[in-house]
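# Architecture at a glance
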Amino acid sequence: MNSWSGRRLREGAVTFAALALVFIVIAVVIETALGRSDSRIATEFMLIASMVVAIQAYVGNSGLISFGHVAFYAIAAYVAGLAAMSPSDKERITPDLPAWLMQLEAGLPAAVGLALLAVLIFAVFTGVPFSRMNASVVSAATLALLVLVHSVINLWNGVTHGPLGLVGVPDLVNTWVVLGTSLIVVAGALIYRASPWGLKLQAVRENEVAAAALGIPVAKMRFVGWVVSALLMALAGSVWALNSLAFAPSMFYFTDTFAMLAMLVVGGLGSVSGAVVGAAIITVLSELLRGLEGGLDVGGVSVPELPGIVQLATAGLILIVLIARPRGLFGNQEIGGLRPRHFALGRGRS
Amino acid sequence: MSPELLIQQFVNALSIGSIYALLALGLAVVFSVLGLLNFAYGEILTITAYAIVLLVGAGVPLAIAAVIGVIAGIGMSLLTEVVAFRPLRKAPAYAVVFSSFAVSLIVQSLIRNVISPRPQGLAVPGWLDGVLTLGSIRIPVLAIITIVIAVLAMVALTSVLQGTKQGLAMRAAAEDFQTTRLMGAKAGRLILLAFAVSGTLAGIAGVLWILRTGSASPDMGFTPLLQAFVAVVLGGMGSLRGAVLGGFALAFVEVALQVFLPSAIVPYVQAITLLVVIAVLYFRPQGFAKKIEERVA
Amino acid sequence: MTALLEVDALEAGYGPVKVLHGLSLTVGEGETVAILGANGAGKSTLMNTLAGLIRSTAGRVHFSGQPIHGASAEQITKRGVALVPEGRHVFARLTVLENLRMGAYTRRDRAGVAAQLDELLQRFPVLAERRGQRAGTLSGGEQQQLAICRALMSKPKLILLDEPSLGLAPVMVERVFDVVRELRERDGLTVLLVEQSVVNALEAADRAYLVSGGRITASGTSAEMAGAARDLEASYLGGESA
């Protein structure tokens, strides 16, 4: 029982190759052809897609919905940002930091490393109670976690600069770092999916009672999934922070949580490929609609301001996908394991 | 702390707890029958609140506006069942988490676009701001009204559940949905009834909420949703009695933290409450429910 | 003798797993018919499909001449078919009385319901004694009686009993089968019964069918089937025989 799934590893390798190709192409296009704003969007896309993959590592394998992963993203971003900022900036806006952090001006590896450590501690601390809870309770608990972390970040002015957020975070990241990060996260998720821990968690997802009867330690497997996905999230989140010059607590709350979960649903909860494809679809849709939010003139016809249209459309899309194809585009399949019939509409088999 | 202040805070906690208990009950009713949480639940409150604000703003007397508001809330609840739950009856359980979430965002978006993204104030009638003085104890009139209305609502719910055929069917369905169908009870109708009851409770809570806060904003439904979840989880999922207890417990913890914590930490009350809840769940993942279950077996 | 229930080439299962592979049988009005077979042969699947809890994928079922295949569980109960499910499934947190009242859900004649309630409580003093208790506190045999009475409350014409003796002590099993006999003799009901215990089943029934691999492989009167009991033994995993 303590073995890896050869099939999943093979599928994973093919999938990784396909996704890596996509990411590499995007990176090359960014470096050679895209202007500043489009570059920004494309780079963000790679990082957001990585985060969705990280969430998928937990949600897809366990079947448990988590609203709390953005909390890991937040912690990673703030720790990496604070670690990398210059001491003079920090003295100005976050005066209550402990001395060692205040004096620190870390480079990329140290900042990311620190963020991973912080999230590891946090994930272990929360994972212990969470992995003992039953399915519905844990979803509500992760929601509480999101609110908790957001609330603390928002209020702790001395350490996080409160609602105004961190400004002056150095840009330590280039396109190739982002590419590398995305590849690591995707590889990590695919490997976990094929690993004994991933497989056992999937067994629990399918039938908790039967899995327990087979001797699978349910709570422990959920714990492993929680921590693994938290670390992947932290990796992407800290790199994201070092790519964004500034960020505020409002970015780590409901809107982003919902957007990422939407990407997961559209792509298919059980699939890493789905997470990436879902992220792509929603990102494209959001960009197209974002133009409409401020109102625009299309060939003489004036479209009025429509605040929140992006969210509305995303929500509508989720509803449609759920009704027409509840398991998402990819269901439980990866690119490496596709057969033509999987693209039929309706309640696809997974 | 003086005894007067203690009593006042106690009443305050009871009043807030009444609202939380109603909220928790509404959520628990649907959960007990369907086994699913309604993420568009907070929007029932939002719709009720906006209905009241708009009607009172147009000159309708408060009492009538309140009734219409509750009816609007019931409508919202039924709509959620029809749009987010019914079409996904055969889908995996997590699907309705997303679909009801989506409904919630759609409602918020629509309010932002059709009415206004900015909060709308309610002109609360003067007498509701009044205070009752008993000796040296000052009790807000609104607190008393809140407690009385909430208790009446809960008593009414209990008598419907215990005394009517449909109520009996709902209790049976909460326990064993399949077997209830074998008795000839139509599944669809039972579920609609559960959502209607849920909508009534949330609607009444919405009335009390808007009277208390005086303003409605598009995303106002989130906090009530969270409070209801926390209360239901504390009380043990699916236990109606537990939901009520959970609601009061949550209120008391919140008020206690606000009263006894040093003022520098007070803004963190919500965060600390959530920490307390997570801690409770660590030691008792089933919430309060276990004790009640043991009594039955 | 008119056929109350006609099952014609019925196929059904759970998702991609088919359990019934073209099963046909008839039950005449007033008869008590037993369904015998090993575990996994499809007996419970048959009962659940007849009751409407499982959708059949092919074949037809007619009750009193009317088609009921494809009808929902609620509709089938309304037509006069009552299932007492395997494992009894009494509502544990509701009282005995409330369970019985739930059985009468489809009825509108209050007086009739009240009268039948009194009558059943008199007939089953053990239930009368525990009328206000939660059904979960009753013993297995008492719950079985409750489940049968609950089914009777809907005034069915056909009663489906799925493994009534499952998990019960021999003394209780006897009592349960007394009740089964009463159903025919006293209540004039038609009974279709699934039973592991061949002896008890054949004693209570007029005819029996043997189910194996989702099909009927043998049928006949109780006398005929009892005579072939030794062959039946071969169909069971450590089963009993007369």
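Per chain, residues are indexed from 1 in the order of the written sequence. To read the labels, note that chains go from A and ligands from 1, taken in the order they are written. At least 70 in pLDDT is required for a residue's local features to be given in this predicted model, at least 80 for side-chain atom pairs to be given and counted, and no such filter applies to totals for whole chains, interfaces and linings, which use all residues.

### Some details on the overall build of chain A
To keep things clear, this is the line we draw: Strands here are runs of E lasting at least two residues and helices are runs of H or I lasting at least four, both read from the DSSP assignment and numbered beginning at the N terminus. The burial criterion counts other C-beta atoms lying within 10 Å of a residue's C-beta, which is placed from the backbone; the residue is buried at 20 or more, exposed at 12 or fewer, and partly exposed between these limits. The contact criterion used here is simple: two residues whose C-beta atoms, placed from the backbone, lie within 7 Å are in contact.
Each helix and strand in chain A was counted, giving 15 helices and 4 strands. Taken along its principal axes, the extent of the C-alpha atoms in chain A is 60 × 55 × 35 Å. Taking all 350 residues of chain A together, the buried fraction comes to 51%. Look at the contacts in chain A between residues 6 or more apart in sequence, and 77% of them connect residues 24 or more apart.

### Points about the overall build of chain B
Where we set the bar: Note on method: radius of gyration uses C-alpha positions; expected globular size equals 2.2 Å times residues raised to 0.38.
Scanning chain B from terminus to terminus reveals 12 helices and 4 strands. The C-alpha atoms of chain B give 19 Å as radius of gyration, which agrees with the globular expectation for 297 residues (19 Å, within 12%). Along the longest, intermediate and shortest principal axes, the C-alpha atoms of chain B span 60 × 50 × 35 Å. Taking all 297 residues of chain B together, the buried fraction comes to 53%. A separation threshold of at least 6 residues defines the contact pool for chain B, and within that pool the share at least 24 residues apart is 76%.

### Overview of the pairing of strand 3 (residues 32-36) of chain C
The two faces of a sheet get side chains in turn, since along a regular strand they alternate between them. Residue and element names in this part refer to chain C. Threshold: Between any two strands, at least two bridges found by DSSP are needed for them to pair.
Burial analysis of strand 3 places 5 of its 5 residues in the buried class, which makes it a mostly covered element. Note: strand 3 against strand 8 (residues 190-194), 4 bridges, orientation parallel. Bridge pairing in strand 8 links Thr-32 to Val-191.

### Description of the sheet that holds strand 1 (residues 3-14) of chain C
Residue and element names in this part refer to chain C. The test is simple: A fitted line through C-alpha atoms serves as each axis, taken over the contacting stretch for helices, and the angle formed by two N-to-C directions is quoted from 0 to 180°.
Spatially, 4 strands are ordered 2-1-4-5 in an open sheet, and the strand pairing comes out antiparallel. The open sheet has two free edges, formed respectively by strand 2 (17-28) and strand 5 (66-67), since each of these has just one partner strand. Sheet analysis places strand 4 (residues 56-63) next to strand 5, joined by 2 bridges and oriented antiparallel. Bridging from a neighbouring strand, Phe-63 pairs with Gln-66 of strand 5. Against the sheet, helix 1 (residues 43-51) contacts strand 1, strand 2 and strand 4, and its axis sits at roughly 70 degrees relative to strand 2.

### Comments concerning helix 9 (residues 175-194) of chain A
Note the threshold: What a helix is expected to span follows from its residue count: subtract one and scale by 1.5 Å.
The end-to-end C-alpha separation of helix 9 of chain A is 29 Å, in line with the 28 Å expected for 20 residues at 1.5 Å each. Within helix 9 of chain A, burial applies to Val178(A), Leu179(A), Thr181(A), Ser182(A), Val185(A), Val186(A), Gly188(A), Ala189(A), Leu190(A), Tyr192(A) and Arg193(A).

### Some points on the sheet that holds strand 3 of chain C
All names here are of chain C. Here we have 6 strands laid out as an open sheet, ordered 6-7-8-3-9-10, and mixed in their pairing. Each edge of the sheet is formed by a strand with only one pairing partner; in this case those strands are strand 6 (81-84) and strand 10 (215-221). Across the sheet, the mean angle separating the axes of adjacent strands is 15 degrees when strand polarity is ignored. In this structure, strand 9 (residues 207-212) lies alongside strand 10, joined through 6 bridges in antiparallel fashion. What sits directly across from Leu-210, in strand 10, is Ala-218.

### Notes on helix 13 (residues 254-267) of chain A
All names here are of chain A. In this model, helix 13 (14 residues) spans 20 Å end to end at C-alpha, consistent with the 20 Å of a helix rising 1.5 Å per residue. Among all positions in helix 13, only Thr-257, Phe-258, Ala-259, Met-260, Leu-261, Ala-262, Met-263, Leu-264, Val-265, Val-266 and Gly-267 are buried. Phi for Gly-268, located one or two positions after helix 13, is positive at around 115 degrees.

### Re the interface of chain A and chain B
To keep it simple, the criterion reads: Classification used: nonpolar for Ala, Val, Leu, Ile, Met, Phe, Trp, Tyr, Cys and Pro, charged for Asp, Glu, Lys and Arg, polar for all others including Gly.
Contacts between the two partners involve 34 residues from chain A and, on the opposite side, 34 residues from chain B. Looking at the side of chain A that touches chain B, the elements that each hand over two or more residues are helix 7 (135-155), helix 13 and helix 15 (309-324) of chain A. In terms of residues, the side of chain A that touches chain B owes the most to one element, helix 7 of chain A, which gives 12 residues. Taken together, the residues of the side of chain A that touches chain B sort by class into 25 nonpolar, 8 polar and 1 charged.

### Let's talk about the interface of chain C and chain B
Listed by partner, the interface residues are 22 residues for chain C and 17 residues for chain B. Those elements giving two or more residues to the side of chain C that touches chain B turn out to be helix 2 (73-79) and helix 3 (96-103) of chain C. Residues of the side of chain C that touches chain B, tallied by class, amount to 10 nonpolar, 6 polar and 6 charged.

### Things to note about the confidence of the model for chain A
To keep things clear, this is the line we draw: pLDDT gives the predictor's per-residue confidence on a scale running from 0 to 100.
Summarising the model, chain A shows a mean pLDDT of 87, and 91% of its residues fall at 70 or more. Note on residues 346-350 of chain A: pLDDT is under 50 here. Beyond four places in sequence and across chains, it has 11 contacts.

### Re the environment of Met225(C)
Its place among the elements puts Met225(C) in helix 9 (residues 222-227). In the structure, Met225(C) is positioned 47 residues away from Asp178(C) in sequence and 21 Å away in space, judged by C-alpha atoms.

### Quick look at the nonpolar core
Going by this rule: Each nonpolar core comprises buried Ala, Val, Leu, Ile, Met, Phe, Trp, Tyr and Cys residues, the members being joined through C-beta atoms within 7 Å.
By size, the foremost hydrophobic cluster in this structure holds 295 residues, and its most contacted members are Val53(A), Ala80(A), Val119(A), Ala24(B) and Leu160(C). A per-element tally of this core places helix 1 (residues 3-34) of chain B first, with 18 residues. Ignoring sequence-local partners within four residues, the contact set of Val119(A) consists of Phe72(A), Ile75(A), Ala76(A), Ala230(A), Leu231(A) and Ala234(A).

### Describing the pairing of strand 1 of chain C
Residues and elements named next belong to chain C. Pairing analysis gives 9 bridges linking strand 1 to strand 2, with the strands arranged antiparallel. The residue of strand 2 that forms the bridge with Leu-5 is Val-27. What sits between the antiparallel neighbours strand 1 and strand 2 is a turn of 2 residues, in which Gly-15 has the positive phi angle 60 degrees. Two strands pair when backbone bridges link them, and strand 1 and strand 4 are joined in this way by 6 bridges, in the antiparallel orientation. Residue pairing for strand 4: Ala-12 is matched across the bridge by Ser-56.

### Points about unusual backbone geometry
Only a minority of non-glycine residues have a phi that is not negative, and only a minority of peptide bonds are not trans. Residue and element names in this part refer to chain C. Backbone geometry places Ser-64, a non-glycine residue, at a positive phi of 50 degrees. Along the chain, the position of Ser-64 falls in the loop between strand 4 and strand 5. Ser-64 gets classed as partly exposed once you count the C-beta atoms within 10 Å, which come to 16. For His-89, which is not glycine, the phi torsion reads 50 degrees and is therefore positive.

### Overview of the arrangement of the chains
By contact count, the leading pair among the 2 pairs of chains in contact is chains A and B. Left apart from each other, chain A and chain C have a closest C-alpha approach of 10 Å.

### Looking at the packing of helix 3 (residues 69-84) of chain A against helix 12 (residues 218-241) of chain A
Residue and element names in this part refer to chain A. The criterion, for reference: Here is the rule for angles: anything less than 35 degrees is roughly parallel, anything more than 145 is roughly antiparallel, 65 through 115 is roughly perpendicular, and the remaining ranges are oblique. Each crossing gets its hand from how the near helix is turned against the far one by less than a right angle, where anticlockwise is left-handed and clockwise is right-handed.
It is at 7 Å that the axes of helix 3 and helix 12 come closest, and there the two elements cross at 45 degrees. Taken together, the axes of helix 3 and helix 12 lie oblique to each other. For the pair helix 3 and helix 12, the sense of crossing is right-handed. Contact residues: helix 3 offers His-69, Phe-72, Tyr-73, Ala-76, Ala-77, Ala-80 and Gly-81, while helix 12 offers Ser-229, Ala-230, Met-233, Ala-234, Gly-237, Ser-238, Trp-240 and Ala-241.

### A look at the environment of Ser5(A)
Residue and element names in this part refer to chain A. By the secondary structure assignment, Ser-5 is in the segment before helix 1 (6-32). On the neighbour-count criterion, Ser-5 (16 C-beta atoms within 10 Å) is partly exposed. Measuring from C-alpha to C-alpha, the distance between Ser-5 and Arg-132 comes to 26 Å, with 127 residues separating the pair along the chain. Ignoring sequence-local partners within four residues, the contact set of Ser-5 consists of Ala-194 and Leu-199.

### As for the environment of Ile47(B)
Residue and element names in this part refer to chain B. Relative to the elements of secondary structure, Ile-47 occurs in helix 2 (residues 42-57). Look at Ile-47 and you get buried, because 26 C-beta atoms sit within 10 Å. Sequence separation of Ile-47 and Ala-185 is 138 residues, and the distance between their C-alpha atoms is 31 Å. Excluding residues that lie within four positions of it along the chain, Ile-47 makes contacts with Ala-72, Gly-73 and Met-76.

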